[in-house]
Amino acid sequence: MYGFFMTIKPIRIQFKTTCELLDISRETLRHRMRTDESFPKPIKMGTAKQSPVYFDYAELMAWHEAQKSSTQGEV
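Residues numbered from 1 in each chain as written. Predicted model: local features only at pLDDT ≥ 70, side-chain atom pairs only at ≥ 80, totals over all residues. Heavy atoms only, no water.

**Looking at the overall build of the protein chain**
If you tally the helices and strands in the protein chain, you get four helices and three strands. Mapped from its N terminus to its C terminus, the protein chain presents α and β elements in the order α-β-α-α-β-β-α. Counting only contacts in the protein chain whose residues sit at least 6 apart along the sequence, the fraction spanning at least 24 positions is 43%. Approximately 6000 Å² of the protein chain is accessible, and the part contributed by carbon and sulfur atoms is 57%. (Helix = DSSP H or I, 4+ residues; strand = E, 2+ residues; numbered from the N terminus. Contact = heavy atoms within 4.5 Å. Areas by Shrake-Rupley, 256 points an atom, 1.4 Å probe, with all protein chains shown as cover.)

**Considering the sheet that holds strand S1 (residues 12-14)**
Spatially, the three strands line up as an open sheet ordered S1-S3-S2, and their pairing is antiparallel. Edge strands, defined here as strands with exactly one partner in the open sheet, are S1 and strand S2 (43-44). Sheet topology note: the S1/strand S3 (residues 53-56) ladder contains three bridges and is antiparallel. Its bridge partner being in S3, Ile13 is matched across the sheet by Phe55. (Pairing = 2+ DSSP bridges.)

**Observations concerning the pattern of salt bridges**
Counted by the stated rule, this structure contains three salt bridges. When the shortest N-O distance is used, the salt bridge between Glu65 and Lys68 registers 3.3 Å. Of this pair, Glu65 and Lys68 both sit in helix H4 (residues 57-70), three residues apart, which is roughly one turn of that helix. By relative accessible area, Glu65 is classed as partly exposed at 41%. Overall, the relative accessible area of 35% leaves Lys68 in the partly exposed class. Look at the salt bridges and you will find they share partners, linking Glu27, Arg30 and Arg34 into a network. (Salt bridge = Lys/Arg side-chain N within 4 Å of Asp/Glu carboxyl O. Buried < 20%, exposed > 50% of the residue type's maximum accessible area, 1.4 Å probe, protein only.)

**Focus: the packing of aromatic side chains**
Following the criterion strictly, the structure yields three aromatic pairs and no others. For the pair Phe15 and Phe55, a centre-to-centre distance of 6.1 Å together with 40° between the ring planes defines the contact as tilted. A residue pair is termed long-range when its members are at least 10 positions apart, and Phe15 in helix H2 (residues 15-22) and Phe55 in strand S3 qualify at 40 residues. The interplanar angle of 75° and the centroid separation of 5.7 Å between the aromatic rings of Phe39 and Phe55 together place this pair among those described as edge-to-face. Of this pair, Phe39 sits in the loop between helix H3 (26-35) and S2 while Phe55 sits in strand S3, and the two are 16 residues apart along the sequence. (Phe/Tyr/Trp six-rings, centres within 6.5 Å; stacked < 30°, edge-to-face > 60°.)

In structure tokens:
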């Protein structure tokens, strides 16, 4: 039963966690959101200015794989 819980992938991840996963600063993530059309769109939970922002985990992983594929051989 315990192994089942280890295979569950998150559905959404917080802004801070996204920065940690990508190993980038908050400002770099904000810049990427503004300038990279292929970067996953954030999901805002609420209408207030300070409502939390999340990213869809599957979209983020797909974007990352696309980035890896596009840079293969560019070393």
